[in-house]
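Letter by letter, the chains look like this.
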Amino acid sequence: MIKTHTKEVDIIMNINFNKKKYLLIPLILVAILSLSVLFSSKWPLSWDIYTHINYAITYINYGITTVDPYLNAPNGKEIGYVPLFHILLIVISSITNTSLIDTARIIQTITPVIITSIIVYVTYKMYDEVAAIVAGILLVSSFMFTRLLLPIPETIALIVFIIGVYLFYQSTIDNKMIYAFISGFLTLPLMGIHFSSCVYYVILISVLMIAQCIIQGKLVGLKSYGVFLLALIIVGLCGVFALITYSPSHLSQFITGFNSVLNDPLSLFMGQKAMGLERYIKCVGLLPLVCGFIGLCLSFRNREVLFVSAWTLIAFIFSNMHWFGIPVYTFRMLIYLIIPLVILGGYGVSKIYEYLINTNKKQQGVILILLLIILSYGCGYMSIHDDSAKITSASTQIGDYQIAPPTSDEEEVINWFKNEDTQNKSILTNNQFFGTVVSSIDEIPLHYKFDVYTNKSSQKSSLKTFNNEKIGYIIYDKTLVVNNSSDYSNLEVISVNGSYYPSYYFTKEITENNFDQIKLTNTEKVFENNRFIICKIKS
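For the structure given in this document, a descriptive report is provided here. Numbering of residues begins from 1 in every chain and follows the order in which that chain's sequence is written. Given that this is a predicted model, residues contribute local features only at a pLDDT of at least 70 and side-chain atom pairs are listed and counted only at 80 or more, while totals for whole chains, interfaces and linings are drawn from all residues. With hydrogens and water stripped out, all remaining heavy atoms of the structure feed into the side-chain values.

Attention shifts here to unusual backbone geometry. The phi torsion of most residues other than glycine is negative, and most of the peptide bonds are trans. Cis geometry is adopted by the peptide bond preceding P74, which originates at A73 and carries an omega value of 0°. Strands are runs of DSSP state E lasting at least 2 residues, helices are runs of H or I lasting at least 4, and numbering of each runs from the N terminus. Relative to the helices and strands, P74 is located in the loop between β2 (71-73) and β3 (77-78). In this structure, P405 follows A404 across a cis peptide bond, with omega equal to -5°. With respect to the helices and strands, the residue P405 is situated in the loop between β5 (400-404) and α20 (408-418). Of note in this structure, N175 is not a glycine but carries a positive phi near 60°. Looking at the secondary structure, you find N175 in the loop between α8 (153-174) and α9 (177-185).

Our focus in this paragraph is the packing of helix α6 (residues 129-141) against helix α17 (residues 330-358). Think of each axis as a best-fit line through the C-alpha atoms, taken over the contacting stretch in the case of a helix, with angles from 0 to 180 degrees between the N-to-C directions. The interhelical angle for the contact between α6 and α17, taken along N-to-C directions, is 135°, at an axis separation of 7 Å. In terms of axis orientation, α6 runs oblique to α17. In the packing of α6 onto α17, the handedness of the crossing is right-handed. Within the contact between the two elements, α6 uses V130, A131, V134, A135, L138 and L139 and α17 uses I338, V342, I343, G345, G346, Y347, V349, S350 and Y353. Basically, the charged four are Asp, Glu, Lys and Arg, the nonpolar ten are Ala, Val, Leu, Ile, Met, Phe, Trp, Tyr, Cys and Pro, and anything else, Gly included, counts as polar. Within the contact of α6 with α17, the residues separate by chemical class into 12 nonpolar, three polar and no charged. Note that the term roughly parallel is reserved for angles under 35 degrees, roughly antiparallel for angles over 145, roughly perpendicular for angles of 65 to 115, and oblique for everything else. In this scheme the crossing of two helices becomes right-handed for a clockwise turn of the near helix relative to the far one and left-handed for an anticlockwise turn of less than a right angle. Contact between two residues is taken to exist if any of their heavy atoms lie within 4.5 Å; hydrogens are not considered.

To continue, consider the pairing of strand β4 (residues 392-395). In short, DSSP must find at least two bridges between two strands for them to pair. Inspection of the sheet shows β4 paired to β5 by four bridges, in the antiparallel sense. Bridged to T392 within β5 is A404. Linking two consecutive strands that pair antiparallel, namely β4 and β5, is a turn of four residues.

The next subject is the sheet that holds β2. On the basis of which strands lie adjacent, the open sheet formed by six strands has the order β2-β7-β6-β8-β12-β11 and mixed pairing. Unpaired on one side and paired on the other, β2 and β11 (523-528) mark the two borders of the sheet. Sheet analysis places β11 next to strand β12 (residues 532-537), joined by five bridges and oriented antiparallel. Paired with K525 across the two strands is C535, which belongs to β12. Against the sheet, α20 contacts β6 (426-429), β8 (471-477), β11 and β12, and its axis sits at roughly 25° relative to β12.

Next up on the list: a nonpolar patch on the surface. Patches here are clusters of residues that have more than 30% relative accessible area and form no salt bridge, with a 9 Å joining cutoff for like charges and a 5 Å cutoff for nonpolar side chains (Val, Leu, Ile, Met, Phe, Trp, Tyr). We get accessible surface area from the Shrake-Rupley algorithm with a probe of 1.4 Å; when it comes to residues, only the shown protein chains can shield them. A carboxyl oxygen of Asp or Glu within 4 Å of a side-chain nitrogen of Lys or Arg is what we treat as a salt bridge. Judged by side-chain polarity, I64, L84, I87, V91 and I95 come together as a nonpolar surface patch covering roughly 460 Å² of accessible area. Among the structural elements, I64 can be located in the loop between α3 (48-62) and β1 (67-68). Buried, partly exposed and exposed residues are distinguished by accessible area as a fraction of the type maximum, computed with a 1.4 Å probe on protein chains only: under 20%, between the cut-offs, and over 50%, respectively. Given a relative accessible area of 58%, I64 falls into the exposed group.

Now for empty space enclosed by the protein. Cavity: a set of points on a 1 Å grid over the protein atoms alone where a 1.4 Å probe fits but cannot get out. Pocket: an open set with protein on both sides within 12 Å along at least five of seven lines, its lining residues, like those of a cavity, having an atom within 4 Å of a point. Grid points are joined across faces, edges and corners, and a volume is the space filled by probe spheres set on the points. The final tally for this structure, using the stated rule, is two cavities of 30 Å³ or more. Forming the walls of the largest cavity are T123, M126, Y127, V305, V308, I343, L344 and Y347. When residues of the lining of the largest cavity are traced back to their parent elements, those giving at least two are α5 (100-126) and α17. Among the elements that line the lining of the largest cavity, the one with the most residues is α17, at three residues.

Here is the structure:
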């Protein structure tokens with residue numbers, strides 16, 4: 001037994017991580033964690049995906065349009081996204097013959113593996129195998145890894161984003177301008193997937209050009225940037241020509257949006273207060289921060305991977321623009337920091353591993369990598385099981401409440417509507433976040449302004465209005481009750497400001513005795529569970 005044990009230890013300690021086959025290690029870890037998330041819930045992560053599914057349904061039923069008739073019925077809601085992500089949803093759904101909900105779950109499983117593969121490949125090309133392995137496992141250790149699981153446009157855009165930055169770097173190293181041209185051309189899919197990512201991409205490349213010129217001491221970076229801009233201009237002209245040809249009515253919207261970005265490019269990343277230091281460290285992760293700092297120091301000392309160091313420092317500054325009085329959305333910007341940070345961290349650990357090998361301390365080097373693998377997987381496992389990663393909440397002036405994934409009570413409502421012949425009638429609810437979920441799953445239009453339509457003294461609450469606007473159902477979320485209900489004598493509805501949507505709270509807890517105070521006379525109760533009441537409009 002002792003000899004067998006010693007032999008196994010010797011095999012482990014003789015592992016040479018400078019082999020390409022070990023590049024699969026971070027990919028396997030990511031695949032395991034992604035599959036774990038897939039099988040732990042039948043719903044996709046994040047609430048945002050339900051809005052995007054709604055847009056995809058609109059494109060399926062009405063073609064490419066800028067107005068979603070399912071939201072804010074009967075007028076519709078303006079679609080604020082370019083349709084490439086939604087087309088991707090539709091295509092994958094058609095190929096796999098799955099619902100859009102399951103398609104989103106497929107995307108959230110595959111995308112982290114693809115992004116990790118690209119980061120591993122880029123790190124390998126920039127330095128070596130050990131750096132690539134470590135970069136991948138450091139990514140897993142960061143809480144920001146959970147953001148890669150979100151099936152939203154920004155996550156897909158990261159694939160193009162990383163490739164574009166790497167190609168620009170490669171053009172300055174090899175003096176091959178075709179790489180710079182492709183890097184510039186990639187702004188087209190980036191713009192088509194996630195406009196904010198495209199804007200940040202162009203800003204980052206512009207700053208990195210200056211940094212690379214300083215690092216190299218020559219103007220190859222400027223030459224590459226010129227070719228990048230040429231491709232960008234060609235993409236822009238092609239876009240304008242396409243709009244003039246196929247949708248001239250949208251040209252003015254494009255010009256207005258373009259001028260807005262030129263005047264204030266950082267406005268796309270604003271809207272949040274500064275993140276505290278403790279949460280900042282938790283989100284980035286201790287391992288990426290420590291290894292990244294080591295890599296930064298060694299990079300400056302050895303004059304290696306300085307492009308990545310510059311990229312990391314630029315991303316770090318962007319994520320902390322509140323230092324300069326610009327209130328950027330720090331959490332959102334951290335995903336752009338973690339990418340170069342783990343590459344830099346991989347480089348730093350690789351240099352330590354290289355030193356241990358050269359000083360006949362190979363076993364310590366192997367132990368170091370194995371320890372990082374174990375710790376990273378442990379951090380990744382804890383991150384995907386963290387409530388803040390699994391649950392999306394809406395914030396209002398009164399408090400927070402869960403909006404995704406659907407709870408068991410919400411599932412009962414969703415299933416009820418699946419079996420109901422709605423005759424294309426819309427729903428009205430005081431919880432518009434849940435209303436959006438119902439709308440996207442059951443393809444039911446959603447009316448806004450719950451407080452107006454349910455106000456008994458308003459003309460909007462009349463049967464004539466409901467029939468004219470095709471409102472068929474009212475969903476009451478009984479859990480949305482103000483904290484100071486004792487201050488109110490009657491059951492009423494009040495509008496409360498919050499994130500994205502307003503929420504409509506009740507001044508009293510709804511009971512059998514007081515529900516008639518807000519129930520409209522032209523409706524009948526057709527469903528009730530622990531949380532919801534559904535009333536149907538009488539014909």
